[in-house]
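# Chain and residue survey
Spelled out from the first residue to the last, the chains are:
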Amino acid sequence: VSEVRQKSVWCALAIMAASCTPMAAGCTAPRARVAPFRVRPDSVQPGALVGPFDGKVVDASSNDPVSGAIVYATWIFGSGYGLTVPAGFHEEVTNTDTTGRYQLRSLYDVPESADKHGVVQAWRDSRGSIRLTEFRLVVYKRGYVAYRSDRRFSDFGPRLDFAQAQNQVALERWRSDFSHARHLRYVGGGAALASLTAWETNEAAAELSGKRSEIGPRIATDLITPRRQSLVAAQLLTQKEIKDATGFDGTFETGPLNDEPDTDAYSSQHFQAVGQPQAFDLAVRLWTIGQGPSQKRYARLFEDLPGVQEKNEIGDRSLRAEEHGFYGVAFLDARRGVVVLLTCGKSLCDSIDPLVSLGKMAYQRLRELSPATDRSGGTEP
Amino acid sequence: MKARIIALALAASTVAVSARPAAAWEPATSAGIAEQAALASSLHKILISRFGLPGGLFAPLVVPPADAPELFVVLHQFLSPIDGFVPDGRGRLTALGWLVAGAVVADTPRSFAANHFFDPKTGKGLSERTLTGLTGKLRTWLIGVTVRESLIDSGVAAPDWIYNAHNSMSLAGFRDQYVKAVRARTEAARQRHLAGTLVAAGAILHVLADMGSPSHVRDDIAAHFDRIGRDASDVGSRFERVAALAYGRLGVPAPRRMRQRAQPRAYFSDADHQGLADVTSSRWFSAHTLPESFVKPRSRNPSDLKRAVVEHLTRPEPGPSLVVLPTEGKLTDESGVCLANFTEDGKHYRFWIGDDCALEQLAVILPQTASYAAGLLETLFAPTIAIEVEGGEVALRGTGAEFGSGRLTLFWDDDASIRTAYHDEQVLADAAHKLARSVPAPPGEAIRVSALFEGKDAAGAALVVAGSLSLREEVKEEKAEAPAKVAPEPLKKKKKSPVFPSLPSVGKPGDKASKEDSEEDDD
C-alpha cells in the first residue's frame, strides 16, 4: 500500500509540474513583457503594455489642443515554444476630443465583439504560449508631422518621452523641406492612416525619383538639416485674445485650415467654434515670402477680396474687406516680407473693429517674434 | 518507475523555462533592413520604368485576398498593420510594403526559421552543437515537438534554402512570379504577380539578412535561448532583442554603400570569403561561441592576455585582429568596436556580450547587412533588356547579366494596357553574352513594348530578365504627374473655405502662384 501511495504522490507531483507549464492554459496570468515606456511622464516606474492609455495632443508651435487627430493604437502578440512567430494583434482607433485628449481602454476591457481575431481572449485565458510583446501608438492629423510612441520623426531614434498616462503629444507642423517618403515610412500603415496619407504617396514617389529637388533640400537622410525657425500663423493670436476681443465665451478647436498644408511660405490657423456654425469661426493666414512676393501677394488680396477698402492702419499697408457673413483684415509688412489675412464670421465679430484690433495684436506679435533687420544692419525699433 | 516519472516532471518543468527563442532578427529589424535595402537600390526606378508604376516603391499593388489565402491569413490575422507592411481588406499595399511583408513572413511557418542558419566553416545549417547538457538536449527535443519535425534535421543551410524546392519564396518562386508579372495579359494581373515577386524577394532578403546575426553563422542555437523577459519562459536572442529595441524598423541605418556580388549564393558565402556569412562569422563572437573562461594569467600585459584569449577561442575567429583592453574589460577589433566584455570571476576570466557592447556591434552590423541586402535586390532586379525602336525594328541589348541561351518573348500593350505576345524565339548565347539582336516592331497602336528572357546565364544558372519601353512618352509623363489616377485624394478636395469662399487659392510651392511668391528675397 505504501508503495502505491508513494507512486501516487510522485504521479501527482508530475502532473502538477506538467500542468503548470506555460503551455498549459489556466495556470498562469496573461503574460506581457515589460513596457519600454513610463507609467506617467513624472514617474520612473514602467508602464503596462496592457493599458489603459490617455494623453493630450497639442500643437507644438502654439500649445493649443489639437482636436480631431486620429489616434491609432496596436497591441502586438507573439507566441511560440521553440521558434517565435507573431501571434496576432488588437487595434483601436479613436480621435482626440475638443480639448485634444484621447483615451484608450485596457486590453482587459476589450469586449468580445471588438476582439476581431480572438487574440485578446486567447491572451486573457493564457491560452498556448501567447504573450503581449508590444504596444504602439500613432497620432496623425493632416498638416502636422505624425507622432509615434516608439520612434521620433527627426532622427528615427527611440522615443523616450512616451508615457502610458497623461502622455503629452506635441505635433509639429508640416514643413515643405520634410520628406514625404520618410514621413510615409514613419506613419506606417493601417487602413485609417493609409487613406489619410494617400495624398503623400505621389509626393514621396516624385521625391525618390528626384523630381522635387527644385524646392530645396528634403530630410531624406538620418539628420534634419538645421534651419531657421519658421514663423507660423498659430503664433500670431491666442484663443484668449480672440475671446477678449470678441466677447465670445465658447471654446475653439484649432488646427490648420484644410486648404493647403503648411509650408515655409504659407501657414494657417483655424479657430473653429465648437458646436457653432461657421459664422463663429476665425482664421489666420500667414505668407512669409520675402519683400517682392509679399507686395504681389498683398496686391492680389486687394484685387480678389470682396468689398475691399484700403485703410493702412496696420503695418506698411492694410485693408479691410467685407462679404455677406464675414469680415476680413489683411496687412503687409514689407520689411519682413510678410502678409497676414484675418477673417472672422459676423456672429463672432459683430463689427469689423474687433478684427482690426486682433490684426494689430497679430502685427505686434509678429514684430516680437521676428525682429526685422534693416538694410544698414540695424534692428527695427 | 519513480525515475521515469521524475524525468517526466523534469521535462515538463524544463519545457516551462525553455520557451520560445526567436530564431531570426525580430520582425521590426527584418522589416527595417528590407526597407533600407529597397531605398538604397534602384528598385524604385525599375518599378517605374519596367513595370509602368508611376509611384515606384509607393505605388499601390492589389492582390485579392482570395488569390493568396494562406498569405493573407498570416498577414491579416497575425501581423499588425501599424508598420505599413499589411495590405488592407481589399489586398492593397504599396510595392515597398509587399517587399517588407515578404521579409517579415519568411519565418512562417516557424519550421522555416530553422533554415536561416549557415556556418561557413562547415557549410552546414543549424545544429545542436551549442545545446549542451540535459537542458540543452531537452530544448532540442522541445523545438522538434513544437515544429512537429526534427528541427535540427530539417535545418537546411541558408544559402541552399533560397534554392530549395520546399521553399515557396525561393529564387524559383521569385522567378515564377517575375515571369507572370511580365507575361500576364491585364495590368491588374501583372500587378498582382509583381506583388508576389516582391514578397518572394523580401523573403530572400530576410534569409540573407539573418547572416548578419552572429549566432546564425556561428552555429549557435543556444544564443536563442537566453532570457529576454522578466519571466523565465520569455527566451530568445538577447542580441536580436537589443537590435529591435534600439533600432526597430525605422532606425535601421542606411547602407553606406551597396555590396554587389555576381550570384545570389555569393551574397551568403563565396570562395573569396566576402559573403555576408563569411564576414559576420569571422568578425564577431556570438553569445555562446565566446572564448572559454580561463585561469587568470600572472601577467596582465595586453599581449599576454591576448595570447591567452586566442588559446581559449572556441572557434578560430575572430583571433588575430583582437585587441584586449584589460582596464575596460573589453575585447575589441582593430577599429575599436567592442567584440566582447570580460570580467574577473574569482581566479578566472569570464566572457560575455553586454548590451552596450552589442550596440557597438549593431551599429556596424546593421548597415553592413543592409548593404548586402541592397546588393542582392539589385542582382535580382537590375539586369534588364534595353529596348530601342528604330524604324520597323526593335533593337534589344541585355545589360546587367551575362546572357546564355533561353527563350525570348516580345509583348506589346494596347491603350487599355492589354498585353499581347507578338514574337517568340529560342536564343543561343552570343559571344558577348549580351543578347544583342533585332526583332520586328510591335503594331502601330502599341503604347508599350516589353521583352522577357527566360533561360540561363553564361554560367548556367537560371536567369529571368525583362525590359520595357513606353512608346508614348507623353502618356508616361501624364501618368507620372496624375496622382489621382493612382491614389484617390479624398482629403485633397478643397473644403469650402471657412471664410471668404471667394478667397484666391493659396497655392503650393511649385505652383505658378507660389513660384511667384517664392522668389528669392534679397533681404
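The structure displayed is predicted, hence computed values, not measured ones. (Residues numbered from 1 in each chain as written. Chains lettered and ligands numbered in written order. Predicted model: local features only at pLDDT ≥ 70, side-chain atom pairs only at ≥ 80, totals over all residues. Heavy atoms only, no water.)

Turning next to the pattern of salt bridges. In the structure shown here, the tally under the stated rule is 43 salt bridges over all chains. Within the structure, one salt-bridge network assembled from shared partners comprises Glu-134, Arg-136, Arg-148, Asp-150 and Arg-185 of chain A together with Glu-35, Asp-83 and Arg-249 of chain B. (Salt bridge = Lys/Arg side-chain N within 4 Å of Asp/Glu carboxyl O.)

Another aspect to go through is the packing of helix H9 (residues 171-183) of chain B against helix H10 (residues 187-209) of chain B. When two helices pack together, you describe them by how their axes are tilted relative to each other and by the distance separating the axes. Residues and elements named next belong to chain B. Two numbers describe how H9 lies on H10: the axes approach to 7 Å, and their chain directions differ by 160 degrees. The angle between H9 and H10 places the two elements in the roughly antiparallel class. For the pair H9 and H10, the crossing hand works out as left-handed. Note on element contacts: H10 touches H9 through Arg-190, His-193, Leu-194, Gly-196, Thr-197, Ala-200, Ala-201 and Ile-204, opposite Leu-171, Gly-173, Phe-174, Gln-177, Tyr-178, Lys-180, Ala-181 and Val-182. Residues belonging to the contact of H9 with H10 are distributed by class as follows: 9 nonpolar, 5 polar and 2 charged. (Axes fitted to C-alpha atoms, helices over the stretch in contact; angles between N-to-C directions. Helix = DSSP H or I, 4+ residues; strand = E, 2+ residues; numbered from the N terminus. Parallel < 35°, antiparallel > 145°, perpendicular 65-115°, else oblique. Left-handed = near helix turned anticlockwise from the far one by under 90°. Contact = heavy atoms within 4.5 Å. Nonpolar A, V, L, I, M, F, W, Y, C, P; charged D, E, K, R; others polar.)

This part covers the pairing of strand S16 (residues 462-470) of chain B. The side chains of a regular strand alternate between both faces of the sheet. Residue and element names in this part refer to chain B. Counting buried positions along S16 gives 7 out of 9 residues, so the element sits mostly inside the fold. Note: strand S15 (residues 448-457) against S16, 9 bridges, orientation antiparallel. Counted as the bridge partner of Phe-453 is Val-465 from S16. The antiparallel hairpin formed by S15 and S16 contains 4 residues in its connecting segment, where Gly-460 sits at a positive phi of about 90 degrees. (Buried < 20%, exposed > 50% of the residue type's maximum accessible area, 1.4 Å probe, protein only. Pairing = 2+ DSSP bridges.)

Residue and element names in this part refer to chain B. For chain B, per-residue confidence averages 81 on the pLDDT scale, and residues scoring 70 or more make up 81% of the total. Under a pLDDT of 50 for its full length, residues 1-22 has, in the predicted model, 63 contacts with residues more than four places off or in other chains. Predicted confidence for residues 474-523 stays below pLDDT 50, and this span has 101 contacts to residues more than four positions away or in other chains. Reported confidence for the predicted complex is 0.79 by ipTM and 0.75 by pTM. (pLDDT = per-residue confidence, 0-100.)

The biggest cluster of nonpolar side chains holds 109 residues, and the ones touching the most others in it are Trp-98, Leu-331 and Phe-381 of chain B. In contact with Phe-381 of chain B, other than residues within four places in its own chain, are Leu-43, Ile-46, Arg-50, Phe-174, Tyr-178, Thr-197, Leu-198 and Ala-201 of chain B. Core analysis: the second largest hydrophobic core is formed by 32 residues, Ala-69, Trp-75, Ala-87 and Leu-137 of chain A among them. (Core = buried A, V, L, I, M, F, W, Y, C linked by side-chain atoms within 4.5 Å.)

The next thing to look at is the sheet that holds strand S8 (residues 167-171) of chain A. Residue and element names in this part refer to chain A. Strand order in the open sheet made by the 3 strands is S5-S2-S8, with mixed pairing throughout. Strands at the two margins of the open sheet, each flanked by one partner only, are strand S5 (101-104) and S8. With strand direction ignored, the average angle separating the axes of adjacent strands in the sheet is 25 degrees. Here strand S2 (residues 53-59) pairs with S5 via 4 bridges, running antiparallel. Its bridge partner lying in S5, Phe-53 is registered against Leu-104.

A negative phi angle is the norm for most residues apart from glycine, just as the trans form is the norm for most peptide bonds. All names here are of chain A. Pro-52 follows Gly-51 through a cis peptide bond whose omega is 5 degrees. Tracing the backbone shows Pro-52 in the loop between strand S1 (31-32) and S2. Notably, Gln-166 is not glycine yet its phi reads approximately 55 degrees, a positive angle. Position of Gln-166 among the secondary structure elements: in the loop between strand S7 (147-148) and S8.

Bringing the packing of aromatic side chains into the picture now. Counting across every chain of the model gives 31 aromatic pairs over all chains. Ring geometry for Phe-342 of chain B and Phe-351 of chain B: centres 5.8 Å apart, planes at 45 degrees, overall tilted. Residue classification places Phe-351 of chain B among the buried residues on the basis of a relative accessible area of 9%. Through successive ring pairs, a cluster of aromatic residues spans Phe-37, Phe-53, Trp-75, Phe-135 and Phe-162 of chain A. The ring of Trp-199 of chain A is capped by Arg-142 of chain A, whose NZ or CZ atom sits 4.2 Å from the centre of that ring. Taking NZ or CZ as reference, Arg-182 of chain A lies 5.6 Å from the ring centre of Phe-153 of chain A, over its face. (Phe/Tyr/Trp six-rings, centres within 6.5 Å; stacked < 30°, edge-to-face > 60°. Lys NZ or Arg CZ within 6 Å of the ring centre and 35° of its normal.)

Let us now look at the state of the cysteines. Working definition of a disulfide: a covalent bond connecting the sulfur atoms of two cysteines. Summed over all chains, the structure comprises 2 disulfides over all chains. A disulfide bridge connects Cys-344 of chain A with Cys-349 of chain A, and the sulfur atoms are separated by 1.9 Å. Between Cys-344 of chain A and Cys-349 of chain A the sulfur-sulfur dihedral comes to about 95 degrees; the bridge is accordingly right-handed. Disulfide pairing is shown between Cys-338 of chain B and Cys-357 of chain B; the S-S distance is 2.0 Å. Given an S-S torsion of about -95 degrees, the disulfide between Cys-338 of chain B and Cys-357 of chain B has left-handed geometry. On the criterion of sequence distance, the pair formed by Cys-338 of chain B in strand S8 (residues 338-345) and Cys-357 of chain B in helix H16 (residues 355-381) is long-range, its members being 19 residues apart. Judged on exposure class, the residue Cys-338 of chain B and its partner Cys-357 of chain B are both buried. (Disulfide = S-S within 2.5 Å.)

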